[in-house]
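Each chain is listed here by its residues.
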Amino acid sequence: MRRAGDGLTTEVDVLVAGGGACGMSMAAHLAALGPRGLRVAVVDDGRHPVAERSWAFWSSRAELLDAAVSLRFRSVRVHAAGREVVLPLGCYEYRVVDGPSLHAVVRELCNGVRFLRGTVEEVVDDDPDGLARVVVDGRTVHAWWVLDGVSPDPAPPRPAAWLSFTGRQVVTDRDVFAPEPTLMDFRTEQADGVRFVYVLPRGPREALVEHTAFAAPAPHRSVPAPEAGGPGGTTTGGPGVTTTGEPAAEAALDEYLRGVLRVRGHRVTGTERGLLPLTGAPARRRLSAHVLAVGGRGGLVKASTGYAYGRIQRDCAAVARSLVATGHPFAVPSPHRRHRMLDAVLLRVLARSPRAIEPAFLRLFDRLGAETTLRFLDEDTRLAEEARVAATAGSRPFLRALLPC
Ligand SMILES: Cc1cc2nc3c(=O)[nH]c(=O)nc-3n(C[C@H](O)[C@H](O)[C@H](O)COP(=O)(O)OP(=O)(O)OC[C@H]3O[C@@H](n4cnc5c(N)ncnc54)[C@H](O)[C@@H]3O)c2cc1C
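Every chain is numbered independently, its residues counted from 1 as its sequence is written. Side-chain atom pairs in this predicted model are given and counted only at pLDDT of 80 or more, local residue features only at pLDDT of at least 70, and totals for whole chains, interfaces and linings cover all residues. Based on all heavy atoms of the structure, the side-chain values leave hydrogens and waters out of the count.

Caption draft 1: Representation of the sheet that holds strand 7 (residues 93–98) within the structure. Strands pair, by our definition, only if DSSP identifies at least two bridges between them. Here a helix means four or more residues in a row that DSSP labels H or I, a strand means two or more in a row labelled E, and each is numbered from the N terminus. Within the open sheet, the 3 strands sit side by side as 3-7-4. Their pairing is antiparallel. Two strands bound the open sheet, and with one partner strand each, they are strand 3 (54–59) and strand 4 (69–73). Mean inter-strand twist for the sheet, computed between neighbouring axes without regard to direction, equals 20°. In the sheet, strand 3 pairs with strand 7 via 6 bridges, with the strands oriented antiparallel. Each residue of the ladder has a partner; that of A56, found in strand 7, is V96. By definition in these notes, contact holds between two residues if any of their heavy atoms fall within 4.5 Å. Lines fitted to the C-alpha atoms define the axes, with helices restricted to the stretch that makes contact. Angles between their N-to-C directions range from 0 to 180 degrees. Of the strands in this sheet, strand 3 and strand 7 are in contact with helix 2 (residues 99–109), which crosses strand 7 at around 80°.

Structure (structure tokens):
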């Protein structure tokens, strides 16, 4: 195997472009489940260090990277349509993976994987019988397979909606936070689209409090483009960083902390901000003979929720199994058409009748329970359960949204 003078391997079996949630998880799954002796490199430019991020997800089973889980909850809270419900999760656990732990756990599992700092500038795959060429900081790395989480989509589908987050990690001067996460609290101004506050407690005086807004794209308004190199922009700030989010979201957070949680004094110890385009259209996974789109770039952000971490774990495992079974990474399941259609229905209701969403979510969580609702959002339900979900959520706006226009 040839190596460049600076240690950059110039030929690998698998090059993973992007070392965020997907790239790190992919490295671990390839090391644990992939073919023996696979030469893997993960290239990341360091613009969004994993160590400054965290991801929440729900699962009913043990996961490969559970050693990186720092918080686990058996119930969640929803406040909607004037009612608050605390819901046991049944077989599920709501878990939070912290970036520093994820980094440490993956490095431990991935003996032999090369983690490289660099910018992926180009992926060239013009010889079906040869290797793909990946240009990293002006130098070429040859790879049999490229798992690409960063190349911009040359023809991105028009988003059906945008999901924006503006979050603050806060420490309060008295006990304020409930023991379980609040998945949705609609006690925030509903200007357009759907807005709610998400609260992830780390203790009675510490939590991530995040304003979340789903908005349909306005026909004549320009929407801030997500950062290049990924499906959505994300920024995080360290201790003492001033938030720079959308002013309305910042004002809504101030109001929520003061008016709803009755917080008098608090410190902001970190911030989180992001903007994700949501589309019901299926993402193209196989980009060329040797290149598979992965992570957010591969369409793994669930259009109706904005969650991706759990789906990314399942996809990484499928890629590793595909390499073992077939020698290529492309034998991965694609989302079921029925679930894509249900996502599209939700996005249409969001665009046409956003006011219908809040009571519908309350009905789902309250009448079906959190376990069935989460299983539905996880695309793990059968037709009969989906019929129950539709009947429970069902109101005129949802029925109208079954019609494409
Ligand atoms: C603020 C925010 C919070 C979120 N929270 C959750 C959550 O709690 N739970 C959940 O399930 N989902 C969450 N999501 C959705 C989704 O899980 C994340 O966006 C997730 O990080 C997607 O994983 P990824 O690997 O595709 O992208 P990323 O994790 O963003 O990784 C992409 C990596 O590629 C690097 N990169 C970019 N361009 C290049 C280049 N040209 N060359 C080399 N490296 C490059 C970046 O530095 C980054 O490290 C959140 C999204 C945002 C924006």
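Caption draft 2: Region of the structure containing the side chain of R168. The topology assignment puts R168 in strand 12 (residues 161–172). Within the structure, the side chain of R168 is placed 2.8 Å from the side chain of E250, a separation counted as a polar contact. What qualifies as a polar contact is a pair of N or O atoms within 3.5 Å, subject to a donor-acceptor requirement within protein and to the restriction that residues adjacent in sequence count only when both atoms come from side chains.

Caption draft 3: Molecular detail of the site of the ligand. Any residue with a heavy atom positioned within 4 Å of a molecule or strand is treated as near that molecule or strand. Taken together, 32 residues lie around the ligand, and D44, A56, G296, A308 and Y309 are the ones closest in. Here R47 contributes a side-chain N or O atom positioned 3.0 Å from a nitrogen atom of the ligand. For the shell around the ligand, the elements supplying multiple residues, two or more each, are helix 1 (21–33), strand 2 (40–44), strand 3, strand 16 (233–237), strand 17 (266–278) and helix 4 (309–326). Looking at the shell around the ligand, the element that brings in the most residues is strand 17, giving 4 residues. Three classes are used: nonpolar for Ala, Val, Leu, Ile, Met, Phe, Trp, Tyr, Cys and Pro, charged for Asp, Glu, Lys and Arg, and polar for all others, with Gly counted as polar. By residue class, the composition of the shell around the ligand is 13 nonpolar, 13 polar and 6 charged. Where each domain starts and ends follows an automatic or database-derived domain assignment. Of the domains in this structure, domain 1 (11–152 + 281–326) and domain 2 (161–278) are the two that each give at least three residues to the shell around the ligand.

Caption draft 4: Highlighting the pattern of salt bridges. We count a salt bridge whenever a side-chain nitrogen from Lys or Arg sits within 4 Å of a carboxyl oxygen from Asp or Glu. One pass over the structure, following the stated rule, counts 25 salt bridges. One salt bridge connects R258 with E255, and the closest N-O pair in it is separated by 3.5 Å. You can see R258 and its partner E255 sitting in helix 3 (residues 247–260), 3 residues apart, about one turn around the helix. A simple rule labels every residue: compare its accessible area, found with a 1.4 Å probe on the protein chains alone, to the largest value its type can have, and call it buried under 20%, exposed over 50%, or partly exposed in between. The class of E255 is partly exposed, set by a relative accessible area of 44%. Close ionic contact of R375 with E385 constitutes a salt bridge, the shortest N to O distance being 2.7 Å. Note that R375 is positioned in helix 7 (residues 370–377) and E385 in helix 8 (residues 383–393), a separation of 10 residues in sequence. Neither residue differs from the other here; R375 and E385 are each classed as buried. Among the ionic contacts, a cluster of salt bridges with common partners joins D66, R72, E93 and R95.

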